[in-house]
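Residues per chain are reported as follows:
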Amino acid sequence: MSRLFSGIQPSGEVHLGNLLGALVNWVTLQDEHDAIYCVVDLHALTLPQVADELRRSTIATAQMLLAVGIDPERSTMFVQSQVPQHPQLAWLMECTVSYGELSRMTAFKDKSNRDSTSFISAGLFTYPALQAADILLYDTDVVPVGADQRQHVEITRDIAERFNSRHGDTFVVPAHIIPPAGARIMDLQNPGNKMSKSVDGAGTVNVLDDLAKIAKRFKRAVTDSDGDVRFDVDAKPGVSNLLSILGAVTDRDPEALADEYSQYGPLKGDTADAVIAMLEPIQARYRELEDDPAETMRLLRLGADKAEVIASEVLARARRNVGLID
Ligand code: TRP
């Protein structure tokens, strides 16, 4: 089985875009891969954090992964900071990537340009080196990530190849895999924009939202005035988004679904019902986990121990090959 690695930033809320775009896929990928999933709390530290909130969101993110169906028996699920090999290998990665390469990363340019007066940590700049360490520590074959993370996987490949050519064969060079299409979920009020946690308005559906509120948000979703149900993202972004969501939740093709509707009202109603049917059991499992934080902590400890067995071997190989003593 090929080894798969992916990471998720700890964050307070997970919305429908995260769920259908990434997490549902993570659950499926467990069947055919030796999957390793990591809550990347060290990456979160690249931006200012409040200690109690970081702790809470790290645990909440792990609980969300469990609630959607990540199986800690079949897969390895852990928190990055509980496996000390990550920051250890990150230093070797920092010494293998150049200042110029890091300067060209669009994620860094975007984040650091957004507000030139704010504090820009060195960690934000070296973020890709830590991400490369995450991936390379597990002899990872494939990394499922969205388009926004593609450059980070590319630089990981470059770092692995450079390290291997400088120091001898050490790392597996990973490939990125693009998650299946159709799961690009847009804002219900501004269907030209991706659903996002930064604009948590009437167009966002969070996985833990009250179900009646979710139904209302779908009812009020922006469509258009021509009254025709067709899948056409450019001409009909709102209607197409509803069809995409319904398609993703019911595992059907959005274009085929369009043929079954002649009016917007029933499409909105069915989409809301399908989303609610999917979220209800996730919410119930999440509440159970929330009531027993010690169980989550136990599972995370087990996951970190499993991860560390692999990570310590790969780190030892890298240390030896660069010339560090035992
Ligand atoms: N940078 C990723 C994001 O913001 C999270 C991440 C960290 C990651 N390490 C990773 C993703 C390793 C894939 C593999 O979404």
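Keep in mind it's a predicted model, so treat the numbers as computed, not measured.

Peer 1: Hey, could you run me through the overall build of the protein chain in this one?
Peer 2: For the protein chain, the helix and strand inventory stands at 13 helices and five strands. Taken along its principal axes, the extent of the C-alpha atoms in the protein chain is 70 × 45 × 40 Å. Burial analysis of the protein chain (326 residues in total) assigns 48% to the buried set. Considering only contacts in the protein chain between residues 6 or more positions apart, those separated by 24 or more positions represent 77%. For the protein chain, the exposed area adds up to about 15600 Å²; of that, 51% sits on carbon and sulfur atoms. Where the 32 positive side-chain charges of the protein chain centre and where its 47 negative ones centre are 4 Å apart.

Peer 1: Please explain the pairing of strand S3 (residues 76–79) as it appears in this structure.
Peer 2: Successive side chains on a regular strand alternate, one facing one side of the sheet and the next facing the other. Residues Thr-76 and Phe-78 of S3 are buried on one face, and the alternating residues Met-77 and Val-79, pointing to the opposite face, are buried as well. Of the pairings in the sheet, the one linking strand S2 (residues 33–39) to S3 comprises four bridges and is parallel in character. Residue pairing in the sheet places Val-39 in a bridge with Val-79 of S3.

Peer 1: I keep staring at the site of the ligand and nothing clicks. Help me out?
Peer 2: In the vicinity of the ligand lie 13 residues, with Gly-7, Tyr-127, Gln-131, Asp-134 and Gln-149 positioned nearest. A distance of 2.9 Å separates a nitrogen atom of the ligand from a polar atom in the side chain of Gln-131. For the ligand, a nitrogen atom lies 2.7 Å from a polar atom in the side chain of Asp-134. Protein chains bury 88% of the 370 Å² of accessible surface belonging to the ligand in isolation. Considering every element that reaches the shell around the ligand, the biggest residue donor is helix H7 (residues 122–136), with four residues. When grouped by side-chain class, the residues that make up the shell around the ligand number six nonpolar, six polar and one charged.

Peer 1: For this particular structure, what's the right way to read the pairing of strand S1 (residues 2–8)?
Peer 2: For S1, a buried count of five out of seven residues is recorded, marking the element as mostly surrounded by other parts of the structure. Bridge analysis of S1 against S2 gives seven bridges, and the strand direction is parallel. Bridge pairing links Gly-7 to Cys-38 in S2. Taken together, S1, helix H1 (residues 16–32) and S2 constitute a β-α-β crossover, and its handedness is right-handed.

Peer 1: What's the story with the nonpolar core in this structure? I'm lost.
Peer 2: Where a protein is soluble and globular, its nonpolar side chains tend to be buried together. Counting 55 residues, the largest nonpolar core has Leu-16, Leu-23, Met-64, Phe-218 and Ile-245 as its most contacted members. Looking at this core element by element, the count peaks at ten residues for helix H12 (residues 264–291). Contacts of Leu-23, omitting those with residues within four sequence positions, involve Ile-8, Val-14, Asn-18, Met-64, Leu-65 and Val-68. Counting 38 residues, the second-largest nonpolar core is a separate cluster that includes Ile-36, Leu-130, Ile-155 and Leu-315.

Peer 1: Honestly, the side chain of Asp-209 in this entry has me stumped. Any pointers?
Peer 2: Structurally, the position occupied by Asp-209 is in the loop between strand S5 (175–177) and helix H9 (211–219). Overall, the relative accessible area of 7% leaves Asp-209 in the buried class. One polar contact links the side chain of Asp-209 to the main-chain amide nitrogen of Asn-206, over a distance of 2.9 Å. Those residues in contact with Asp-209 that lie beyond four places of it in its chain are Thr-204, Ile-214, Arg-217 and Gln-283.

Peer 1: Just to check I follow, could you spell out H1 for this structure?
Peer 2: Helical periodicity: at 3.6 residues per turn, an α-helix aligns residues three or four positions apart in one direction. Helix length check: H1, at 17 residues, gives a terminal C-alpha distance of 24 Å against a target of 24 Å (1.5 Å per residue), a fit within 8%. Of all bends in H1, the biggest is about 30 degrees, found at Ala-22. For H1, the set of buried residues is Leu-16, Gly-17, Leu-19, Leu-20, Leu-23, Asn-25, Trp-26, Leu-29 and Gln-30.

Peer 1: Help me understand the environment of Ala-272, please; the structure alone is not making it clear to me.
Peer 2: Among the secondary structure elements, Ala-272 is positioned in helix H12. Sequence separation between Ala-272 and Asn-193 is 79 residues, and the spatial gap between their C-alpha atoms is 20 Å.

Peer 1: Teacher, can you tell me more about the packing of H1 against helix H3 (residues 51–68) here?
Peer 2: A pair of packed helices can be characterised by two numbers: the angle between their axes and the separation between those axes. The geometry of H1 relative to H3 is characterised by a closest axis approach of 9 Å and an angle of 65 degrees between their N-to-C directions. Judged on the interaxial angle alone, H3 and H1 are roughly perpendicular. Between H1 and H3 lies a crossing whose hand is right-handed. Contact residues: H1 offers Leu-19, Leu-23, Trp-26 and Val-27, while H3 offers Met-64, Leu-65 and Val-68.

Peer 1: What is the right way to read the domain arrangement of the protein chain from this model?
Peer 2: One frequent convention defines the size of an interface as the accessible area lost when the parts assemble. When the domains of the protein chain are assigned, the result is domain 1 (3–182 + 292–322) and domain 2 (211–287). Computed from C-alpha coordinates alone, the two centres of domain 1 and domain 2 are separated by 32 Å. Counting each side, the surface lost to burial between domain 1 and domain 2 is near 860 Å², with a carbon and sulfur contribution of 77%. At the junction of domain 1 and domain 2, the tally comes to zero salt bridges.

About the thresholds
Sequence order as written defines residue numbering, which begins from 1 separately in each chain. For this predicted model, a pLDDT threshold of at least 70 governs which residues receive local features, and a threshold of 80 or more governs which side-chain atom pairs are given and counted, while totals over whole chains, interfaces and linings are taken from all residues. The side-chain numbers reported here are obtained from all heavy atoms of the structure, hydrogens and water having been left aside. Helix and strand assignments follow DSSP, with helices taken as H or I runs no shorter than four residues and strands as E runs no shorter than two, numbered in order from the N terminus. Throughout this description, buried means an accessible area under 20% of the type-specific maximum (1.4 Å probe, protein chains only), exposed means over 50%, and partly exposed covers the range between. Contacts are assigned to residue pairs that have any heavy atoms within 4.5 Å of one another. Only the protein chains shown count as cover for residues, with accessible areas throughout obtained via the Shrake-Rupley method and a probe of 1.4 Å. When charges are counted, Lys and Arg are positive and Asp and Glu negative, with His and the chain ends excluded. A charge is said to be at NZ when it belongs to Lys, at CZ for Arg, at CG for Asp and at CD for Glu. Two strands qualify as a pair provided that DSSP identifies no fewer than 2 bridges between them. In these notes, residues near a molecule or strand are those with any non-hydrogen atom within 4 Å of it. Polar contacts, as counted here, are pairs of nitrogen or oxygen atoms within 3.5 Å of one another; within protein the pair requires one atom able to donate a hydrogen and one able to accept it, and residues that are adjacent in sequence qualify only if both atoms are side-chain atoms. Note on residue categories: nonpolar means Ala, Val, Leu, Ile, Met, Phe, Trp, Tyr, Cys or Pro, charged means Asp, Glu, Lys or Arg, and polar means any other residue, Gly included. Here is how to tell: hold the view so the strands point away, follow the path from the first strand over the helix to the second, and if it runs clockwise the crossover is right-handed. We call a set of buried Ala, Val, Leu, Ile, Met, Phe, Trp, Tyr and Cys residues a nonpolar core when their side-chain atoms join them within 4.5 Å. To estimate the expected span of a helix, subtract one from its residue number and multiply by 1.5 Å. At every residue, the bend is computed as the angle between two fitted axes, covering the seven residues ending there and the seven beginning there respectively. Inter-axis angles, ranging from 0 to 180 degrees, are taken between N-to-C directions of lines fitted to C-alpha atoms, where helices are fitted over the stretch in contact. Any angle between 65 and 115 degrees counts as roughly perpendicular, while under 35 counts as roughly parallel, over 145 as roughly antiparallel, and the rest as oblique. Left-handed describes a crossing in which the near helix is turned anticlockwise from the far one by less than a right angle; the clockwise case is right-handed. Each domain span listed reflects an automatic or database assignment of domains. Note: buried area is the sum, over both parts, of the accessible area (probe 1.4 Å) each one loses when the two are combined. One speaks of a salt bridge when a side-chain nitrogen belonging to Lys or Arg is within 4 Å of a carboxyl oxygen belonging to Asp or Glu.

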